[in-house]
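The residues making up each chain are set out below.
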Amino acid sequence: MTDIIHAAERIAQLRKEIEHHNSLYYVEAKPQLSDYEFDKLLEQLIALERQFPDLVTPDSPSQRVGGAITKEFVTVIHREPMLSLSNTYSLGEVEEFYNRVKKLLALEGVDEQEMVAELKFDGVAISLLYNDGLLVRGATRGDGIHGDDITVNIRTIPAVPLKLRCVADGEIEVRGEVFMRKEDFEQLNESRPEEERFANPRNATAGTLKLQDSAEVARRRMSFVAYYLKGIRDESTSHFSRLEILEKLGFSTGNHYQLCLKLNDISDFIAEWSEKRWKLPYETDGVVLKLNAVTFWDKLGATAKSPRWAIAYKYPAQQAQTVLLDVIFQVGRLGTITPVAELEPVLLAGSIVSRSTLHNFDEIERLGIMIHDWVVIEKSGEVIPKVISVVLEERPLGAVSIVVPSHCPECGTPLQKPEAEVSYYCTNEEECPAQIRGRLLHFASRNAMDIKSLGKALVDQLVATKLVKDVGDLYFLQEPQLEKLERMGRKSAQNLVRALDESRTKSYERLLYALGIRHVGRATARELSQAYHSLEMLSHASEEELSTVPDIGPVVAHSICDYFAKPSVPLLLEKLRDARFSLCASESTTQVNRNFEGLTVLFTGSLDRYDRQTASELIIERGGRVVNSVSKKTGLVVAGHDPGSKLDKALKLGVRVLSEEEFEAML
Ligand code: IVH
C-alpha cells in the first residue's frame, strides 16, 4: 500500500515536471533541458507507470510523448490475418448462410447449431496484444496482414484496459472496434470549423486513430468494444463464453449479444434491433452472426477475405429528401469535370449532408435531375451520400436544367468529350491551376510520397503564387519563399523543406505511383517497378512491350506511353534528377534478400538516408519485424543521430547495435 502511495506521489511530481518542460519546449520555445535529460525523466515516469498500471491516466505526458515519438507509425504484421466479414442486406442470404453452415457441420457429424448474434459496431477494427496481462501493442487492421502500430493512441482510450483484470499468462490477442459515441462525436464536431467537420463517427474515429499527438486522441474520447479473443490458457470452445471471459478481463462487449438456437431467433434479433439500435449511444449498422462452436471455425475456414463461420447482416441504407440548390463543376488532376450537387443541408444517418457527387453528366441525365428539384439522398452504410432519385411530383415551376459547361470553370479552356467516355475534360494539362493542384496533392498523398505538411491550403497558395507548376518545382523551394506565404511561419517552412528532403528516399515504386500517370495505381506501379528498373527504361518502353507485363492491358500501356510522350515530362524528370532523385529501383526492390529473417529491429535516433517508414518497409520485405521498445528479445537496434535512451537500454541488455552504414550494408 505504501509502495503505491509513494509511486503515486512520485508520478504526480514527474508529470508536473515533464509538463513544465514540455511547455517550455513546445509553447515558449525556451527549453531548459537537453533531449537526453528530458528523456530520462520520461523513462522514470514510464517505468513507474508500468509498475503501477492503475495509476496511468490517459492524459499522462507518457501518452502524449509516446505520440510525439511516433513520427510515423511502424508497420506490424498481424499474428494471424485480420479478416473482414461478408456482408448481406438480405434475410434470405442470412438463411442461406445458416443452411450452409448447417450442411458443413452435418459433414462433421454435428447436428446442433448454435449461433451468437451480436451488434455490428460502426467503427474501426483494431487488434490488441497483451503480454502477461499488460497491453503491449495496439494495431490497426491495415490490409489485414500488415497494420500500423498505434499503441500510443490506443493507450488513451479508457475502455481499453492497460492491464487485464484477471491473470492471463503469455500472449493473448483481443480484437474489437474503436468507435466514438454519438454525443462525443457531436461535441468534437462542434469544436471544429465547419469545413473540418467529420461526416460521421466512424470517419472521426479513423481520423483520430491516425493522429500523431496522443493527447489530442485522449481529448477526443473514443470507446472500445471487444468481440474476439485468442490465446488465453483456459480459452473456451464457445464464442459466447469467450465474450463472457472478455468481460471478466475488463473489456466491454456492448452487452447485447445473444445465443440463437434456431433460425427464428436470428430473425427476431435482427428485427428487435432494427429500431432499438437508434436508442444506443453509439452507431451500429447491422448484426453479426457467428457460429458459437469455435472448434469448427478452422474447419469451416475462410475465403480470401472473410470467414465461413460468420456473416454480417446490414440494415438497409437510410434515406432523406432535400433540395438541389445548385450544381458546381470540379476539375480533377486528370482534367475530368465532375458535377457536384450542392444540397440544402439535411440530417442523414447522424450527419449533415450538404454536398454529393453526381459523378458525370450521364448520371445527371439518368436521374433526370434539375436545379431546385427535391431529391432523395441515401447513405448506403458508407461515408459518401448519393443522390438516388428525383421526386418528380414535387418539381417546382422554376426548376432549371443543368447545362454542361462549354469551358473549364478554372481556366476557361473549351471542354472536350472523348467518344467512348462519359466524362468531359479540360485539355489544358499544363496550365489549368486545378489540374496542377490535383497533381501536387496526389503526389503528396499518403500512398504516394506521403508528405503530410503539403496540404490543400498550402498547395492552393503555391499554385496561385506560381511558385510551383509541377512536382519537380517542390524540391527547389527555399525557406524564405515559403515563409512569406499565409499561415506559414519559419517553423512550418523548415518542416516542409525537411519533409520534401526526406521524401526523396521513398521507393521508386511509390514515385511511379506519385507521378499520377492515368490508370497507374499502387498495384500497377509495383508491377512496373519490377519490370522496368528505371524511369529511363520505362519511358522508352513501347505499348507492345508494356502489354507483356503482368496485369497491364492495352489501355494502361497506351496511357503510360501517352504520359511519356507529353512535352512537359522530360523536363519534369530532369528536375527530379536535379533534385537528386535516383529514378530507379534500389537493389532491394529488384531482388529482395532475407537478411532480416526472424529478427526484431528497433530504430532509435534519425537516419540520414532513410525515413522511418521506408527503413521499416525494407526490413519487413526482408523477413524482419520492426518494434518500438527494447527488450532482451530485440534482435538488432539501428542507431542514427541523437539516439534516445533506448540505445542505453539496448547496450545494457547486450542487444546488437548497428550504425546506419552497417544497417545499409546488411540491407
Ligand atoms: S467479427 C473474422 N464482430 O465489421 C471476423 N466484427 O465488416 C472478425 N465489426 O472488420 C470480425 N462489429 O471491423 C466482428 N460484433 C462484431 C463486429 C465486427 C463490427 C466490424 C469489424 C469487421 C467489419 C466487417
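Residues numbered from 1 in each chain as written. Predicted model: local features only at pLDDT ≥ 70, side-chain atom pairs only at ≥ 80, totals over all residues. Heavy atoms only, no water.

S.K.: How should the overall build of the protein chain be read in this particular structure?
M.R.: Counting its secondary structure elements, the protein chain contains 26 helices and 22 strands. Relative to its length of 667 residues, the protein chain is compact, with a C-alpha radius of gyration of 28 Å against a globular reference of 26 Å. Principal-axis analysis of the C-alpha atoms places the extent of the protein chain at approximately 80 × 65 × 50 Å. If you take every contact in the protein chain between residues at least 6 apart in sequence, the share linking residues at least 24 apart comes to 67%. Total accessible area on the protein chain stands at roughly 33200 Å², and carbon and sulfur atoms take up 51% of it. A distance of 3 Å separates the average location of the 81 positive side-chain charges in the protein chain from that of its 99 negative side-chain charges. (Helix = DSSP H or I, 4+ residues; strand = E, 2+ residues; numbered from the N terminus. Rg over C-alpha atoms; globule rule 2.2 N^0.38 Å. Contact = heavy atoms within 4.5 Å. Areas by Shrake-Rupley, 256 points an atom, 1.4 Å probe, with all protein chains shown as cover. Lys, Arg positive; Asp, Glu negative; His and termini not counted. Charge placed at Lys NZ, Arg CZ, Asp CG, Glu CD.)

S.K.: Quick question: what am I supposed to make of the site of the ligand here?
M.R.: Near the ligand there are 15 residues, and of these Glu118, Leu119, Phe121, Glu177 and Lys290 occur at the shortest range. Between the ligand and the protein, one listed contact pairs an oxygen atom with a side-chain N or O atom of lysine 120 at 3.3 Å. Burial of the ligand by the protein chains amounts to 89% of its free accessible area of 530 Å². Top element by residues in the shell around the ligand is strand β3 (residues 115-121). It accounts for four residues. Residue classes in the shell around the ligand are distributed as nine nonpolar, two polar and four charged. (Near = heavy atom within 4 Å. Polar contact = N/O pair within 3.5 Å; in protein donor to acceptor, adjacent residues only side chain to side chain. Nonpolar A, V, L, I, M, F, W, Y, C, P; charged D, E, K, R; others polar.)

S.K.: Teacher, can you tell me more about helix α22 (residues 568-578) here?
M.R.: For an α-helix, 3.6 residues make a turn, and residues three or four places apart therefore share a direction. For α22, every residue scored as buried is listed here: Val569, Leu572, Leu573, Lys575 and Leu576. Mapping the buried residues of α22 onto a view down its axis gives an arc of 155 degrees, with all of them on the same face. Where α22 is buried, its residues meet α19 (535-540) and α21 (554-565). Phi turns positive, to about 70 degrees, at arginine 580, one or two residues after α22. (Buried < 20%, exposed > 50% of the residue type's maximum accessible area, 1.4 Å probe, protein only. Arc of directions from axis to C-beta.)

S.K.: Help me understand the sheet that holds strand β19 (residues 600-604), please; the structure alone is not making it clear to me.
M.R.: Pairing between the strands of a sheet comes from backbone hydrogen bonds, and it takes one of two forms, parallel or antiparallel. With parallel pairing, the four strands of this open sheet are ordered in space as β20-β19-β21-β22. The sheet is open, and its two borders are formed by β20 (625-627) and β22 (656-658), each paired with just one other strand. On average, adjacent strands in this sheet sit at an angle of 30 degrees to one another, irrespective of strand direction. Across three bridges, the pairing between strand β21 (residues 636-639) and β22 is parallel. Directly across from leucine 636, in β22, lies its bridge partner arginine 656. (Pairing = 2+ DSSP bridges. Axes fitted to C-alpha atoms, helices over the stretch in contact; angles between N-to-C directions.)

S.K.: Could you clarify how one ought to interpret a negative patch on the surface in this entry?
M.R.: A cluster of acidic side chains, namely Glu543, Glu544, Glu545 and Asp562, defines a negative patch on the protein surface. Broken down by element, the residue count for the negative patch peaks at three residues, all from helix α20 (residues 543-547). For glutamate 544, the position within the fold is in helix α20. The exposed category is assigned to glutamate 544, whose relative accessible area is 60%. (Patch = residues over 30% accessible without salt bridge, like charges linked within 9 Å, V, L, I, M, F, W, Y side chains within 5 Å. Salt bridge = Lys/Arg side-chain N within 4 Å of Asp/Glu carboxyl O.)

S.K.: Quick question: what am I supposed to make of the sheet that holds β3 here?
M.R.: With mixed pairing, the five strands of this open sheet are ordered in space as β2-β11-β10-β3-β9. Whereas interior strands pair on both sides, the edge strands pair on one side only; in this sheet they are β2 (87-88) and β9 (258-260). The pairing of strand β10 (residues 284-291) with strand β11 (residues 310-314) spans five bridges and is antiparallel. Bridged to valine 287 within β11 is tyrosine 313.

S.K.: Can you help me understand the pairing of strand β8 (residues 223-230) in this one?
M.R.: Every regular strand shows the same layout, with side chains that alternate between the two sheet faces. For β8, a buried count of seven out of eight residues is recorded, marking the element as mostly surrounded by other parts of the structure. Pairing of strand β7 (residues 171-179) with β8 involves seven bridges; the strand directions are antiparallel. Counterpart to arginine 175 in the pairing with β8 is tyrosine 228.

S.K.: Help me out: how do you make sense of the environment of tryptophan 273 in this one?
M.R.: Here tryptophan 273 lies in helix α10 (residues 263-276). What makes tryptophan 273 buried here is its relative accessible area of 5%. Measuring from C-alpha to C-alpha, the distance between tryptophan 273 and tyrosine 315 comes to 9.6 Å, with 42 residues separating the pair along the chain. In this structure, tryptophan 273 is in contact with Leu119, His256, Leu280 and Tyr315, ignoring residues within four places of it in sequence.

S.K.: What's the story with the packing of helix α13 (residues 433-444) against helix α14 (residues 456-464) in this structure? I'm lost.
M.R.: Packed helix pairs are characterised by how far apart their axes lie and by the angle those axes make with each other. Where α13 meets α14, the closest approach of the two axes is 10 Å, and the angle between their N-to-C directions is 135 degrees. With respect to α14, the axis of α13 lies oblique. For the element pair α13 and α14, the recorded crossing hand is right-handed. On the side of α13, the interface is formed by Pro433, Ile436, Arg437, Leu440 and Leu441, while α14 contributes Lys456, Val459, Asp460 and Val463. Its residues assigned to classes, the contact of α13 with α14 shows six nonpolar, no polar and three charged. (Parallel < 35°, antiparallel > 145°, perpendicular 65-115°, else oblique. Left-handed = near helix turned anticlockwise from the far one by under 90°.)

S.K.: I tried to follow the side chain of aspartate 470 on my own but got confused; where do I start?
M.R.: Its location among the elements puts aspartate 470 in the loop between α14 and α15 (479-483). At a separation of 2.8 Å, a polar atom in the side chain of aspartate 470 contacts the side chain of lysine 575. With near-sequence residues (within four places) excluded, aspartate 470 lies in contact with Leu440, Leu572 and Lys575.

S.K.: What's the story with the pattern of salt bridges in this structure? I'm lost.
M.R.: Think of it this way: side chains of opposite charge can pair up when their charged atoms draw near. The full count for this structure, using the stated rule, is 29 salt bridges. A salt bridge links lysine 314 to aspartate 285; the shortest N-O distance between them is 3.6 Å. Highlighted residues: lysine 314 in strand β11 and aspartate 285 in strand β10, separated in sequence by 29 residues. For aspartate 285, a relative accessible area of 10% corresponds to the buried category.

S.K.: How should helix α7 (residues 201-209) be read in this particular structure?
M.R.: Along α7, the residues classified as buried are Pro201, Arg202, Ala204, Thr205, Thr208 and Leu209. In a view along the axis of α7, the buried residues occupy a sector of 160 degrees, so they form one face of it. The secondary structure elements touched by the buried residues of α7 are β4 (124-131), α5 (151-154), β7, α6 (182-190) and α8 (214-219).

S.K.: Hey, could you run me through the environment of proline 158 in this one?
M.R.: Its place among the elements puts proline 158 in the loop between α5 and β7. Sequence-wise, proline 158 and arginine 221 are 63 residues apart; in three dimensions their C-alpha atoms are separated by 8.0 Å.

S.K.: How do you make sense of the nonpolar core when you look at a structure like this?
M.R.: Counting residues in each nonpolar core, the largest one holds 54 residues, and the members touching the most others are Ile451, Leu474 and Leu535. Of all elements in the fold, only α13, α14, α16 (490-503), α17 (508-514), α18 (522-531), α19, α21 and α22 reach the threshold of two or more residues within this core. Counting 36 residues, the second largest nonpolar core, distinct from the first, contains Val116, Leu128, Leu209 and Ala226. (Core = buried A, V, L, I, M, F, W, Y, C linked by side-chain atoms within 4.5 Å.)

S.K.: Explanation requested: the packing of helix α4 (residues 91-107) against α10 in the structure shown.
M.R.: Contact geometry of α4 with α10 gives a least axis separation of 11 Å together with a crossing angle of 145 degrees. Crossing geometry of α4 relative to α10 is assigned as right-handed. For the pair α4 and α10, contact is made by Leu91, Val94, Glu95 and Tyr98 and by Leu263, Ile266 and Ile270, respectively. The residue makeup of the contact of α4 with α10, split by class, is six nonpolar, no polar and one charged.

S.K.: Before we go on, may I ask you to explain the pairing of β7 in this structure?
M.R.: Most of β7 is tucked away, with eight of its nine residues classed as buried. Of the strand pairs in this sheet, β4 and β7 are connected by eight bridges, and their pairing is antiparallel. Within β7, the position partnered with valine 124 by the bridge is valine 178.

Honestly, it's all geometry; don't read function into it.
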